[in-house]
Amino acid sequence: MPSQSSPSIPATERVADDQIAAVRAFNRFYTRKLGVLDQHLGKSPFSLSEARVLYELAHRDELAAKEIGNELGLDPGYLSRIIQSFDEKGLITRRPLPADRRQYQLSLTTKGRQAFAKLNLSSQNEVAAMLARLSASDATRLTQAMATIEAVLEPHHSQPAAFMLRSHRVGDMGWVVSRQGAAYAADYNWDISYEALVAEICAQFIRNYDATREHCWIAEADGEPVGSIFLVKATDEIAKLRLLLVEKKARGLGVGRALVEQCIQGARERGYSKMTLWTQSILVAARGIYQSAGFRLVATEPHRSFGQDLVGEIWERDL
């Protein structure tokens, strides 16, 4: 008797009709719910395909046009027209690939990053409005169900993560202040003046919060916060990374790297052209993450702070 997965049995006979109907109904519901059947996204001038190309360019450095086409499954001729349109509008730069001058490396210009930032914020607000109508428990159920769908359909590409990143909410700033103070006191013997500094940073963040320019991400594992990072405005062009923290129990999971990468992406999406941060020479693990993420050390200065003699460091990277 053939096994259930035998190729000799048509797929339609191996899967229950009600399961097929359920998936098709969900697809119709979901595309309608998110509005992706509209010709253009919201009130933006971009089609869905154009928005997907912008997204890839905003999140990855110097992509080849062929890579985008392969990953998004776009017809080469259609992709070529999108790229030509972006070029004419001043949204991208094109450079021939050294290995094949028929192919081009694409990068967003400042105008292109600003266009994506506006589009991304609009999309983010639409999803936020949808989630805001749900209770906290229902919003969690929804996002966990989405993660399950992704993991089941693409198990090799979307393994369930041991942690997740979310936006800050009421109560998180108190946790950040408490855990920053306790962690640095335990690990480096910093005194309570560091906790006071963190409290001032968090208070200023809440008081002056501008979602179009700033954000805080909290890492969660098993429903508990295990890490945090802040993106704050330094100038109109420069973003500042602040208060990276990973709890001891979550170290080794890639939480710190994920938080830093998310912060960099967040800065790009908000239209910044450069990112900076201040750290200390003794924070070896954090420095390693910053360096691997493309930051470079640009200045050092010895100082006496938090009850210790320290060497402060300024790191920067272009976006």
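Predicted model, so just to flag it, every value in this text is computed and none were measured.

A. Region of the structure containing the confidence of the model for the protein. When pLDDT is averaged along the protein, the result is 84; 87% of the residues meet or exceed 70. Taken together, the stretch residues 1-7 has pLDDT below 50 and engages in six contacts with residues farther than four places along the chain or on a different chain.

B. Spatial organisation of the side chain of Glu-247. Assignment of secondary structure puts Glu-247 in the loop between β7 (238-246) and α10 (255-269). Those residues in contact with Glu-247 that sit more than four places away from it in its chain are Trp-175, Arg-179, Pro-225 and Val-226.

C. Quick peek at the sheet that holds β7. Taken together, the seven strands give an open sheet; going across it, the order is β4-β5-β6-β7-β8-β10-β9, and neighbouring strands pair in mixed fashion. The open sheet has two edge strands, β4 (164-167) and β9 (296-305), and neither has a second partner. Ignoring strand direction, the axes of neighbouring strands in this sheet form an average angle of 25°. Bridge count for β4 against strand β5 (residues 215-221) is four bridges, and the pairing is antiparallel.

D. Seen up close, the layout of surface pockets. Empty space within the second largest pocket amounts to approximately 820 Å³. Along the wall of the second largest pocket there are 38 residues; nearest its centre are Tyr-184, Leu-244, Leu-283, Ala-286 and Tyr-290. For the lining of the second largest pocket, the secondary structure elements donating two or more residues are α8 (172-188), α9 (192-207), β7, α10, β8 (274-280) and α11 (284-292). Considering each element in turn, the lining of the second largest pocket owes the most residues, seven residues, to β7. Classifying every residue of the lining of the second largest pocket gives 26 nonpolar, seven polar and five charged.

E. Layout of the sheet that holds strand β1 (residues 63-64). The three strands are arranged β1-β3-β2 in an open sheet whose pairing can be described as antiparallel. Looking at which strands have only one partner, the edges of the open sheet turn out to be β1 and β2 (92-96). Strand direction decides the pairing type here: β1 and strand β3 (residues 104-108), joined by two bridges, are antiparallel. Each bridged residue has a counterpart across the sheet, and for Ala-64 the counterpart in β3 is Gln-105.

F. Representation of unusual backbone geometry. At Asn-189, a residue that is not glycine, the phi angle is positive and equals roughly 60°. Here Asn-189 shows up in the loop between α8 and α9. Judged by relative accessible area, Asn-189 falls into the exposed class, the value being 56%. Backbone geometry places Asp-222, a non-glycine residue, at a positive phi of 55°. Along the chain, Asp-222 turns up in the loop between β5 and β6 (224-233).

G. Representation of the packing of aromatic side chains within the structure. Per the stated rule, a full pass over the model turns up 13 aromatic pairs. With a centroid separation of 5.0 Å and 85° between ring planes, the pair formed by Phe-205 and Phe-230 is classed as edge-to-face. Here the residue Phe-205 occupies a position in helix α9, and Phe-230 occupies one in strand β6, the gap between them amounting to 25 residues. An aromatic cluster of three or more residues is present, and its members are Tyr-184, Tyr-188, Trp-190, Tyr-194 and Phe-306. One Lys or Arg, Arg-213, reaches over the ring of Tyr-272 and ends 4.0 Å from the middle of that ring.

H. Here's a closer look at the packing of helix α3 (residues 48-59) against helix α5 (residues 76-88). Contact geometry of α3 with α5 gives a least axis separation of 11 Å together with a crossing angle of 70°. Considering the angle they form, α3 stands roughly perpendicular to α5. Between α3 and α5 the crossing geometry is right-handed. Contacts between α3 and α5 pair Ser-49, Glu-50, Val-53 and Leu-54 from the former with Tyr-78, Leu-79, Ile-82 and Phe-86 from the latter.

I. Structural context of helix α4 (residues 65-72). Of the positions making up α4, those classed as buried are Ala-65, Ile-68, Gly-69 and Leu-72. Take α4 and look down its axis: the buried residues cluster within an arc of 95°, on one side only. Along α4, the residues that are exposed and aim more than 90 degrees away from the buried face are Lys-66 and Asn-70. Buried residues along α4 sit in contact with α3, β1, α5 and β3.

The rules behind these values
Residues numbered from 1 in each chain as written. Predicted model: local features only at pLDDT ≥ 70, side-chain atom pairs only at ≥ 80, totals over all residues. Heavy atoms only, no water. pLDDT = per-residue confidence, 0-100. Contact = heavy atoms within 4.5 Å. Helix = DSSP H or I, 4+ residues; strand = E, 2+ residues; numbered from the N terminus. Pairing = 2+ DSSP bridges. Axes fitted to C-alpha atoms, helices over the stretch in contact; angles between N-to-C directions. 1 Å grid on protein atoms, 1.4 Å probe; cavity = no way out; pocket = protein on both sides within 12 Å on 5 of 7 lines; lining within 4 Å. Points joined across faces, edges and corners; volume = space filled by probe spheres on them. Nonpolar A, V, L, I, M, F, W, Y, C, P; charged D, E, K, R; others polar. Buried < 20%, exposed > 50% of the residue type's maximum accessible area, 1.4 Å probe, protein only. Phe/Tyr/Trp six-rings, centres within 6.5 Å; stacked < 30°, edge-to-face > 60°. Lys NZ or Arg CZ within 6 Å of the ring centre and 35° of its normal. Parallel < 35°, antiparallel > 145°, perpendicular 65-115°, else oblique. Left-handed = near helix turned anticlockwise from the far one by under 90°. Arc of directions from axis to C-beta.

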